[in-house]
Amino acid sequence: MPRWLPRALVLALALVACFQLGSWAFHQLIGLLINVLIAFFLALAVEPAVGHMASRGMRRGLATFLVFFAVLVVGIGFVVMLGSILAGQIVEMVEEFPQYLDSLINWINVSFHTQVSRVDVQDSLLHSDWLQRYVQNSATGVLDVSTTVLGGLFRLLTIFLFSFYFAADGPRLRRALCSVLPPVRQAEVLRAWEIAVDKTGGYIYSRGLMALISGVAHYVLLEILGVPYAPVLGVWVGLVSQFIPTIGTYLAGALPTLIAFTVEPWYAVWVLGFVVIYQQFENYVLQPKLTARTVAIHPAVAFGSVIAGTALLGAVGALIAIPAIATLQAFLGAYVKRYDVMEDAHAQGRRRRGSGLLLRRVRRAVRGSDAT
């Protein structure tokens, strides 16, 4: 046996053990790493406001606290307002449910010549096995729902805590990172940081603009149909559809559709159709153009980055994919050497004169052979 073989075996086993340990640690900490990533981009989003207040003489910690406090107050006020509206609509629907049931039973009796009564329907529902199983599953699922809610609140608190420290101690964090790098690398890190702040701010601006357009469009429709709480529902659709990725569109459209159903069932169909049509218009027309202008990336790149981010990190990846790709593109653009494009018809998107001469000769030859 060579002398180096036992040492090589020990080294290989040590590398495998380190890889297994690192893989295990990564899978255990993937939730925390995603929270830190979200917090970092949230800190970049509030950096312009915090920096502006700090430049006016305010302490950076106090400025960060005021910004986050304003966001928290607006968020809680919006949720409470929508909660009260939703609770009122649910109570109204429960009170008017017997009338809906009577009208449905009358339509069934007239259309199908049956003699169904509301008492028979209520008795069949109350004594059905399906209802009993549903109640039992709901009772056993209360603990799971409570655990999920508490876990979501803890995750939200973790994100806000990390983002507060990233925003409040931003200069200190940059100095600590640059202190272990040579001066040339320090300039690159600081430039990348500034690009990330600009691109993230541009992305938030584009999302806010799309939320405004979406809210106004849905408000106009709800106001025309006479659906109550049209302004609040317009704000709901605009914010939820833009700032909650993947499922935000469905959550945003469900509430106005439900409230429109309490006014007139056909109104719910109109609202649902408008939500679907507007979403297609936003995905293929509005969002690519606004993203290309505010974040300065091609619409196809923006669309592909959202798909890739969703495949990698789910909803979180869809939310941060565009600012991350825009930052990377702007940062790498300084290292790509560009050349002047030669004057050519193909480069200008035009066909060169005489380019179809060969094709015409082939066609004439084919026609001549057919004639003979």
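Note that the structure is predicted; figures quoted are calculated from it, not measured.

Within the chain, the regular secondary structure consists of 13 helices and zero strands. Counting all 372 residues of the chain, 28% fall into the buried class. Sequence-distant contacts, at least 24 apart, represent 64% of the contacts inside the chain between residues at least 6 apart. Working note: accessible area of the chain is about 25300 Å², and carbon and sulfur atoms make up 70% of it.

Before going further, it helps to spend a moment on the packing of aromatic side chains. A complete count under the given rule lists nine aromatic pairs for this structure. Aromatic pair Phe 65 and Phe 69: ring centres 5.9 Å apart, planes at 20 degrees, arrangement stacked. A residue pair is termed a helical-turn pair when its members lie 3 or 4 positions apart in one helix, as Phe 65 and Phe 69 do in helix α2 (residues 60-112) at four residues. In this structure Phe 69 comes out as partly exposed when scored by relative accessible area, which is 46%. Ring plane angle 35 degrees and centroid distance 6.3 Å describe the contact between Phe 162 and Phe 166, whose orientation is recorded as tilted. Residue Phe 162 and its partner Phe 166 are located together in helix α5 (residues 142-168), separated by four residues, close to a single helical turn. The class of Phe 162 is partly exposed, set by a relative accessible area of 30%.

Let us look at the side chain of Ser 241. Among the secondary structure elements, Ser 241 is positioned in helix α8 (residues 230-243). Side-chain polar atoms of Ser 241 contact the backbone oxygen of Val 237, separated by 2.5 Å. When neighbours within four sequence positions are excluded, Ser 241 is seen to be in contact with Ser 214, Trp 236, Gly 248, Thr 249 and Ala 252.

A few words now on the nonpolar core. As a rule of thumb, nonpolar side chains are buried together in soluble globular proteins. Core analysis: the largest hydrophobic core is formed by 19 residues, its most contacted members being Ile 38, Leu 44, Val 46, Val 50, Ala 167 and Val 316. Counting residues per element, the ones that place at least two in this core are α1 (4-55), α2, α5, α7 (183-225) and α12 (315-332). Here the element with the most residues in this core is α1; it accounts for eight residues. Here Val 50 is in contact with Arg 60, Ala 63, Thr 64, Val 67 and Ala 167, once residues within four sequence places are set aside.

This next bit is on the pattern of salt bridges. A side chain of one charge can pair with a side chain of the opposite charge if their charged atoms are brought near each other. Enumeration according to the criterion identifies two salt bridges in this entry. Measuring nitrogen to oxygen at the nearest pair gives 2.6 Å for the salt bridge that ties Glu 47 to Arg 60. In this pair, Glu 47 is assigned in helix α1 and Arg 60 in helix α2, connecting sequence segments 13 residues apart. The exposure class assigned to Arg 60 is buried, which follows from its relative accessible area of 16%. Note that Arg 185 is salt-bridged to Glu 188, the shortest N-O span being 3.4 Å. Of the two residues, Arg 185 and Glu 188 are both situated in helix α7; the distance of three residues between them amounts to about one turn of the helix.

Assessed through its relative accessible area of 13%, Glu 47 is described here as buried. If near-sequence neighbours (up to four positions away) are discounted, Glu 47 is found in contact with Arg 60, Ala 167, Arg 174 and Val 197.

We now examine the packing of α1 against α7. Angle between the axes and distance between the axes: these two values describe a pair of packed helices. It is the contact of α1 with α7, at a shortest axis distance of 8 Å, that shows an interaxial angle of 85 degrees. Here α1 is positioned roughly perpendicular relative to α7, judged by the angle of their axes. Across from Phe 40, Phe 41, Leu 44, Ala 45, Glu 47 and Pro 48 in α1, the residues of α7 making contact are Trp 193, Ala 196, Val 197, Thr 200 and Ile 204. Residues that form the contact of α1 with α7 fall into these classes: nine nonpolar, one polar and one charged.

In this model, α8 (14 residues) spans 20 Å end to end at C-alpha, consistent with the 20 Å of a helix rising 1.5 Å per residue. The element α8 is largely enclosed, with a buried count of 10 among its 14 residues. The complete set of buried residues in α8 reads Ala 230, Val 232, Leu 233, Gly 234, Trp 236, Val 237, Gly 238, Val 240, Ser 241 and Gln 242.

What follows covers the packing of α7 against α8. Interhelical geometry of α7 versus α8 gives an angle of 145 degrees and a closest axis separation of 7 Å. As for how α7 packs across α8, the hand of that crossing is right-handed. On α8, the residues touching Arg 207, Gly 208, Met 210, Ala 211, Ser 214, Gly 215, His 218, Tyr 219, Leu 222 and Glu 223 of α7 are Ala 230, Pro 231, Leu 233, Gly 234, Val 237, Gly 238, Leu 239, Ser 241, Gln 242 and Phe 243. Residues belonging to the contact of α7 with α8 are distributed by class as follows: 10 nonpolar, eight polar and two charged.

Turning to the confidence of the model for the chain, a few remarks are in order. Summarising the model, the chain shows a mean pLDDT of 77, and 76% of its residues fall at 70 or more. When pLDDT is averaged over each helix and strand of the chain, the minimum, 61, is found for helix α13 (residues 357-371) and the maximum, 87, for α1.

Residues Phe 26, Leu 29, Ile 30, Leu 32 and Leu 33 make up a contiguous nonpolar surface patch of roughly 420 Å² in combined accessible area. With respect to the helices and strands, Leu 32 occurs in helix α1. On the basis of relative accessibility, which here comes to 39%, the residue Leu 32 falls in the partly exposed class.

Rules and cut-offs
- Residues numbered from 1 in each chain as written.
- Predicted model: local features only at pLDDT ≥ 70, side-chain atom pairs only at ≥ 80, totals over all residues.
- Heavy atoms only, no water.
- Helix = DSSP H or I, 4+ residues; strand = E, 2+ residues; numbered from the N terminus.
- Buried < 20%, exposed > 50% of the residue type's maximum accessible area, 1.4 Å probe, protein only.
- Contact = heavy atoms within 4.5 Å.
- Areas by Shrake-Rupley, 256 points an atom, 1.4 Å probe, with all protein chains shown as cover.
- Phe/Tyr/Trp six-rings, centres within 6.5 Å; stacked < 30°, edge-to-face > 60°.
- Polar contact = N/O pair within 3.5 Å; in protein donor to acceptor, adjacent residues only side chain to side chain.
- Core = buried A, V, L, I, M, F, W, Y, C linked by side-chain atoms within 4.5 Å.
- Salt bridge = Lys/Arg side-chain N within 4 Å of Asp/Glu carboxyl O.
- Axes fitted to C-alpha atoms, helices over the stretch in contact; angles between N-to-C directions.
- Parallel < 35°, antiparallel > 145°, perpendicular 65-115°, else oblique.
- Nonpolar A, V, L, I, M, F, W, Y, C, P; charged D, E, K, R; others polar.
- Expected span 1.5 Å × (residues − 1).
- Left-handed = near helix turned anticlockwise from the far one by under 90°.
- pLDDT = per-residue confidence, 0-100.
- Patch = residues over 30% accessible without salt bridge, like charges linked within 9 Å, V, L, I, M, F, W, Y side chains within 5 Å.

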